[in-house]
Amino acid sequence: MNLTYIKGNLFPVIKIISIVAIATAIGLELWNIQALTTNNHLPSILNPVLIIAHLALSAHFVEAIIAACYAPAKNHQPIQYGIYTFFVGTIGLLELFENHSQIPDLSKKLESKP
């Protein structure tokens, strides 16, 4: 298995799974907030799932902030790329930092001039 195989075949599958998982985590968090405001409780079996949802949402939020900070340097819209990275996770950051080869290297241009 090489990197191009992983990018071509696994990244789309991971993106879809990540989008569904983050959307589910957001729904679970909203359900928890609604239950707390109405003095109800979620079923106790969902407590471990809720902890995992907290961790996943926190990690994706940090990744989204990093992507939004670095997006202008890679010619992307910060808010748009931050939201994209929030939903797809680390793959969004990998794609952002992979695009470094598309930006021309000024040092090579300066060296080639007489």
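To keep things clear, this report deals only with the structure shown in the data block. Everything quoted here is computed from the prediction, not taken from an experiment.

1. Focus on the overall build of the protein
Piece 1. When you go through the protein residue by residue, the secondary structure sums to 5 helices and 0 strands.
Piece 2. Going from the N terminus to the C terminus, the protein shows its helices and strands as α-α-α-α-α.
Piece 3. Burial analysis of the protein (114 residues in total) assigns 27% to the buried set.
Piece 4. Look at the contacts in the protein between residues 6 or more apart in sequence, and 56% of them connect residues 24 or more apart.
Piece 5. Counting only carbon and sulfur atoms, one obtains 70% of the accessible surface of the protein, whose full area is about 8,100 Å².

2. Quick notes on the environment of I65
Piece 1. Relative to the assigned elements, I65 resides in helix α2 (residues 47–70).
Piece 2. Residues I65 and T85, 20 residues apart in the sequence, show an inter-C-alpha distance of 8.7 Å.

3. Some details on helix α1 (residues 3–37)
Piece 1. Compared with an ideal rise of 1.5 Å per residue, which puts 35 residues at 51 Å, α1 spans 47 Å between its outermost C-alpha atoms and is within 8% of the ideal.
Piece 2. Along its length, α1 reaches its greatest deviation from straightness, about 40 degrees, at L10, and the proline P12 lies no more than four positions downstream.
Piece 3. Those residues of α1 lying buried are F11, S18, I22, A25, L28, E29, N32 and A35.
Piece 4. On its buried face, α1 is in contact with α2, α3 (78–88) and α4 (90–98).

4. Some remarks on the side chain of E29
Piece 1. The residue E29 is located in helix α1 in this model.
Piece 2. Despite its burial, E29 remains without a salt bridge, the nearest opposite charge being carried by K15 at 25 Å.
Piece 3. Every residue in contact with E29, bar those within four places of it in the chain, is listed here: L50, A53, H54 and L57.

5. Remarks on the packing of aromatic side chains
Piece 1. Tallied over the full model, the rule gives 3 aromatic pairs.
Piece 2. Measuring from ring centre to ring centre gives 5.4 Å for Y81 and Y84, while their planes differ by 55 degrees; the resulting arrangement is tilted. With Y81 and Y84 both in helix α3 and 3 residues apart, the pair spans about one turn of that helix.
Piece 3. A relative accessible area of 10% places Y81 in the buried class.

Analysis parameters
Residues numbered from 1 in each chain as written. Predicted model: local features only at pLDDT ≥ 70, side-chain atom pairs only at ≥ 80, totals over all residues. Heavy atoms only, no water. Helix = DSSP H or I, 4+ residues; strand = E, 2+ residues; numbered from the N terminus. Buried < 20%, exposed > 50% of the residue type's maximum accessible area, 1.4 Å probe, protein only. Contact = heavy atoms within 4.5 Å. Areas by Shrake-Rupley, 256 points an atom, 1.4 Å probe, with all protein chains shown as cover. Expected span 1.5 Å × (residues − 1). Bend = angle between axes of the 7 residues up to and from the residue. Lys, Arg positive; Asp, Glu negative; His and termini not counted. Salt bridge = Lys/Arg side-chain N within 4 Å of Asp/Glu carboxyl O. Phe/Tyr/Trp six-rings, centres within 6.5 Å; stacked < 30°, edge-to-face > 60°.

These figures come from the coordinates and say nothing about function on their own.
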